[in-house]
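Listed here are the chains, written in short residue letters.
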Amino acid sequence: MAFAPSSRHSRKKVDHRHAFARAGGQEREVCAVRLKKTAVMVGMMGAGKTAVGTALARILGVPFRDSDEEIVRAANRSIAEIFERDGEPFFRARETEVITRLLAGEPAILSTGGGAFLSETNRALISEQGVSVWLRADLELLWQRVRHKTTRPLLRTANPRETLRGLYEVRLPFYQQADLVVDAAPELSVEDMAQRVMQALASRPDVLERD
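Small disclaimer: the values here were computed from a predicted structure and weren't measured. (Residues numbered from 1 in each chain as written. Predicted model: local features only at pLDDT ≥ 70, side-chain atom pairs only at ≥ 80, totals over all residues. Heavy atoms only, no water.)

**Some remarks on the overall build of the chain**
Turning to step 1, where the next piece is worked out: Looking only at helices and strands, the chain has eight helices and nine strands in total.
Turning to step 2, where the next piece is worked out: Going through the 211 residues of the chain one by one, you find that 47% of them count as buried.
Turning to step 3, where the next piece is worked out: In the chain, of all internal contacts separated by at least 6 residues, the share reaching a separation of at least 24 is 73%.
Turning to step 4, where the next piece is worked out: A total accessible area of about 10,700 Å² is found for the chain, and carbon and sulfur atoms account for 49% of it. (Helix = DSSP H or I, 4+ residues; strand = E, 2+ residues; numbered from the N terminus. Buried < 20%, exposed > 50% of the residue type's maximum accessible area, 1.4 Å probe, protein only. Contact = heavy atoms within 4.5 Å. Areas by Shrake-Rupley, 256 points an atom, 1.4 Å probe, with all protein chains shown as cover.)

In structure tokens, the structure reads:
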């Protein structure tokens, strides 16, 4: 299967001189920044990688990418269908291909699937070419967010909550290797979390440059 670059995302140059956030329905300039390398959101399903990543990309004025969406688009099948038809090893190989390509592109915010950071190859690629940000959420918060979702193939079991717990315990040591950690909480909005990630990225001058 060939995984060509998606035509959905324009390669148009983005002006990074100004970043904006919305407060009370009004746009306000928060800082002048430039993202120097791709920030990769990692963590469990339900951690908010896509929602927070999208909001962060909007604030920074950079593209948002989602590795799962890229795989789905290239395969013309859902993640669940890929798992069922081709198996998880096939999916993971395509995942690495997509992450490699996206990291080689212009700096962006990249959301990855929950299992992507378990791969030593993926971790090395992200460390060399980007920065990993673990959106850390406790098990109860994750369960509340995913319990009604039908698009999670790994949770199609007789006891999905216990399956989630098992995944969480196995994956925790890998997520702990991330470059940056941002804690999620039920009371935090997507925008709040995006600002928290911004603050974490700002601690790395090799990642986020303030003009």
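**Describing the environment of alanine 116**
Turning to step 1, where the next piece is worked out: Along the chain, alanine 116 falls in the loop between β6 (109–111) and α5 (120–129).
Turning to step 2, where the next piece is worked out: If sequence neighbours within four positions are ignored, alanine 116 has contacts with Arg92, Glu95, Ile99 and Asn122.

**Quick look at helix α3 (residues 79–86)**
Turning to step 1, where the next piece is worked out: If you check which residues of α3 are buried, you get Ile79, Ala80, Ile82 and Phe83. Buried positions in α3, seen along its axis, are confined to an arc of 165° and lie on one side of it. Those residues of α3 that are exposed and aimed more than 90 degrees away from the buried face are Glu84 and Arg85.
Turning to step 2, where the next piece is worked out: Residues of α3 that are buried in the fold lie against α2 (67–75) and α4 (88–103). (Arc of directions from axis to C-beta.)

**With respect to the nonpolar core**
Turning to step 1, where the next piece is worked out: In this structure, Leu56, Leu60, Ile109, Leu135, Val197 and Leu201 are the most contacted members of the largest nonpolar core, which totals 61 residues.
Turning to step 2, where the next piece is worked out: Residues contacting leucine 201, with those up to four places away along its chain left out, are Ala39, Leu56, Val131, Val133, Leu180, Val207 and Leu208. (Core = buried A, V, L, I, M, F, W, Y, C linked by side-chain atoms within 4.5 Å.)

**Focus: the pattern of salt bridges**
Turning to step 1, where the next piece is worked out: With the rule as written, the count across this model stands at 15 salt bridges.
Turning to step 2, where the next piece is worked out: A salt bridge links glutamate 106 to arginine 65, with the shortest nitrogen-to-oxygen separation between them at 3.9 Å. One end of the pair, glutamate 106, is in the loop between α4 and β6; the other, arginine 65, is in strand β5 (residues 64–66), and 41 residues separate them in sequence. Grouping residues by exposure puts glutamate 106 and arginine 65 together as buried.
Turning to step 3, where the next piece is worked out: Between arginine 161 and glutamate 140 there is a salt bridge whose closest N-O contact spans 2.7 Å. Note that arginine 161 is positioned in helix α7 (residues 160–175) and glutamate 140 in helix α6 (residues 139–146), a separation of 21 residues in sequence. (Salt bridge = Lys/Arg side-chain N within 4 Å of Asp/Glu carboxyl O.)

**Some remarks on the packing of α4 against α5**
Turning to step 1, where the next piece is worked out: Contact geometry of α4 with α5 gives a least axis separation of 10 Å together with a crossing angle of 5°. Between α4 and α5, the crossing angle belongs to the class labelled roughly parallel. Judged by residue contacts, Glu95, Thr96, Ile99, Thr100 and Leu103 of α4 engage Thr121, Asn122, Leu125, Ile126 and Gln129 from α5. (Axes fitted to C-alpha atoms, helices over the stretch in contact; angles between N-to-C directions. Parallel < 35°, antiparallel > 145°, perpendicular 65-115°, else oblique.)

**Notes on the confidence of the model for the chain**
Turning to step 1, where the next piece is worked out: Per-residue pLDDT for the chain averages 84, and the proportion of residues at 70 or more is 82%.
Turning to step 2, where the next piece is worked out: Of the regions scoring below 50 in pLDDT, residues 1–30 engages in 60 contacts with residues more than four places distant in sequence or in other chains. (pLDDT = per-residue confidence, 0-100.)

**With respect to the sheet that holds strand β8 (residues 180–183)**
Turning to step 1, where the next piece is worked out: With parallel pairing, the five strands of this open sheet are ordered in space as β5-β6-β4-β7-β8. Here the strands that pair on one side only, and so sit at the sheet edges, are β5 and β8. Neighbour to neighbour, the strand axes of the sheet diverge by 25° on average, direction disregarded.
Turning to step 2, where the next piece is worked out: The strands touched by α2 within the sheet are β5 and β6, with β5 carrying the most contacts at an inclination of about 65°.
Turning to step 3, where the next piece is worked out: This element, α5, spans β4 (38–42) and β7 (130–136) of the sheet and lies at about 120° to β7. (Pairing = 2+ DSSP bridges.)

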